[in-house]
Amino acid sequence: MRTATAKRISYRDKVKSPANCISNVRYREEELCPENSKFGSNIRECEEAILTPLGRMLSEVPKLKTRNVLLNIGTWNVRTLYELGKLDNLIQEIKSMRLDVIGICEKRWTGSGMLYKNEYTMMYSGAEAHVNGVAIIMKNSTARSIKGFTAVNERIIAVKIAAQPLDILLIQVYAPTAGHEEEDVELFYKNMKESVEMAKSNDIIIVMGDFNTKVGNEKISECMGQHGLGKRNKRGDTLFQFCEENKLIITNTLFKHPARRVYTWKSPGDICRNQIDFILIKERFRNIIKQAKSYPGADINSDHNPVVVIAKIKLKTCKQKAVSKKLN
């Protein structure tokens, strides 16, 4: 599998904010947004704003307040953003679904970097050619709390958000299709595992994207519910194993919905429908997911439907019992 050179921005405390690495990313108008030649100048203006003040440390990144706040998080294979007006179309759909964060598959831009579009910030990772590509888009108010992001390759990107009460690690993925060799799949899961392991033990981990696999509706372990679609295939076993090893839950199999709210992909001619896009969360935090379903009404000329979860972070406060001392 041909991969782009990874541009890594570490999450470690000694590393500065992602802004300090933005200047190393070369923006080319024809690659970023071919339909709008003015977009490049806007990117450079935003870049200057991001770089001010210089040398901002992670401790100075404002934390996103998430306690008792509903967060709408989605993932969507859009087929491509390398078309006239496609990015504007996507922004309108994001607004319509009222999403705070969305992961994107098959973006098909080259290179990697960060840019602004209207009220949203996009971090993206692509190949040398206009194939594959992943991105994470979020509201600017949320992006203010970004600690850093790692463009692993054209199939994986990770973004860490400083939040209260716990930091959030978002990982967007695009798995190899059935036509790829098993070696490509093994490399993909290896890279995904390394991305998950970048998190600290108490971080909220969310892995989302097009996994190109079917997990079915048979609950065989605690890593999923019984409300999936269809029958599990061989690659579904691989995803199960990954979830069990990394203690992740497949959220959009936990809730009962009609089939139109479960399927995420349809074949040409709508001959068959499958569920191959998933949002995973660390097992410890499964109870913060209040809803998970697909949105067949969203339209961006793709054969995939977006999957959206509603999360509400409400952690219990541990109260220490007072120890009474007996007087002699």
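Since the structure is predicted, the reported quantities are computational estimates derived from the model, not experimental observations. (Residues numbered from 1 in each chain as written. Predicted model: local features only at pLDDT ≥ 70, side-chain atom pairs only at ≥ 80, totals over all residues. Heavy atoms only, no water.)

1. Considering the pairing of strand β10 (residues 168–174)
Moving on, step 1. Across the 7 residues of β10, 7 count as buried, placing the element largely inside the fold.
Moving on, step 2. Burial of β10 is two-sided: the residues I168, L170, Q172 and Y174 facing one way and the residues L169, I171 and V173 facing the other way are all buried.
Moving on, step 3. Both strand β8 (residues 156–161) and β10 contribute to a ladder of 6 bridges, which runs antiparallel. Counted as the bridge partner of I161 is I168 from β10.
Moving on, step 4. Pairing geometry for β10 and strand β11 (residues 204–210), over 7 bridges, is parallel. (Buried < 20%, exposed > 50% of the residue type's maximum accessible area, 1.4 Å probe, protein only. Helix = DSSP H or I, 4+ residues; strand = E, 2+ residues; numbered from the N terminus. Pairing = 2+ DSSP bridges.)

2. Describing the pattern of salt bridges
Moving on, step 1. Under the definition given, this model contains 13 salt bridges.
Moving on, step 2. Two residues, K147 and D167, come together in a salt bridge whose shortest N-O distance is 2.7 Å. Separated by 20 residues along the polypeptide, K147 in strand β7 (residues 146–153) and D167 in the loop between β9 (163–164) and β10 bring together distant segments of the chain.
Moving on, step 3. Residue classification places D167 among the buried residues on the basis of a relative accessible area of 12%. (Salt bridge = Lys/Arg side-chain N within 4 Å of Asp/Glu carboxyl O.)

3. Digging into the sheet that holds β10
Moving on, step 1. Ordered by their spatial adjacency, 6 strands build an open sheet running β7-β8-β10-β11-β15-β12, and the pairing between neighbours is mixed. Either end of the sheet is taken by a strand with one partner, and the two such strands are β7 and β12 (248–250). Averaged over all pairs of adjacent strands, the angle between strand axes in this sheet comes to 15°, irrespective of strand direction.
Moving on, step 2. Looking at chain direction, β7 and β8 are connected through 6 bridges and run antiparallel. When the sheet's bridge partners are listed, F149 is paired in β8 with V159.
Moving on, step 3. Sitting on the sheet, helix α7 (residues 234–246) touches β12 and β15 (277–282), and the angle it makes with β12 is about 140°. (Axes fitted to C-alpha atoms, helices over the stretch in contact; angles between N-to-C directions. Contact = heavy atoms within 4.5 Å.)

4. Some thoughts on the confidence of the model for the protein chain
Moving on, step 1. Within the protein chain, residue pLDDT values average 82, and 78% of them lie at 70 or more.
Moving on, step 2. With pLDDT under 50 throughout, residues 1–57 is counted as low confidence; its partners more than four residues away or in other chains account for 105 contacts.
Moving on, step 3. For the stretch residues 323–328, pLDDT sits under 50, and the model shows 0 contacts to residues farther than four places along the chain or on other chains. (pLDDT = per-residue confidence, 0-100.)

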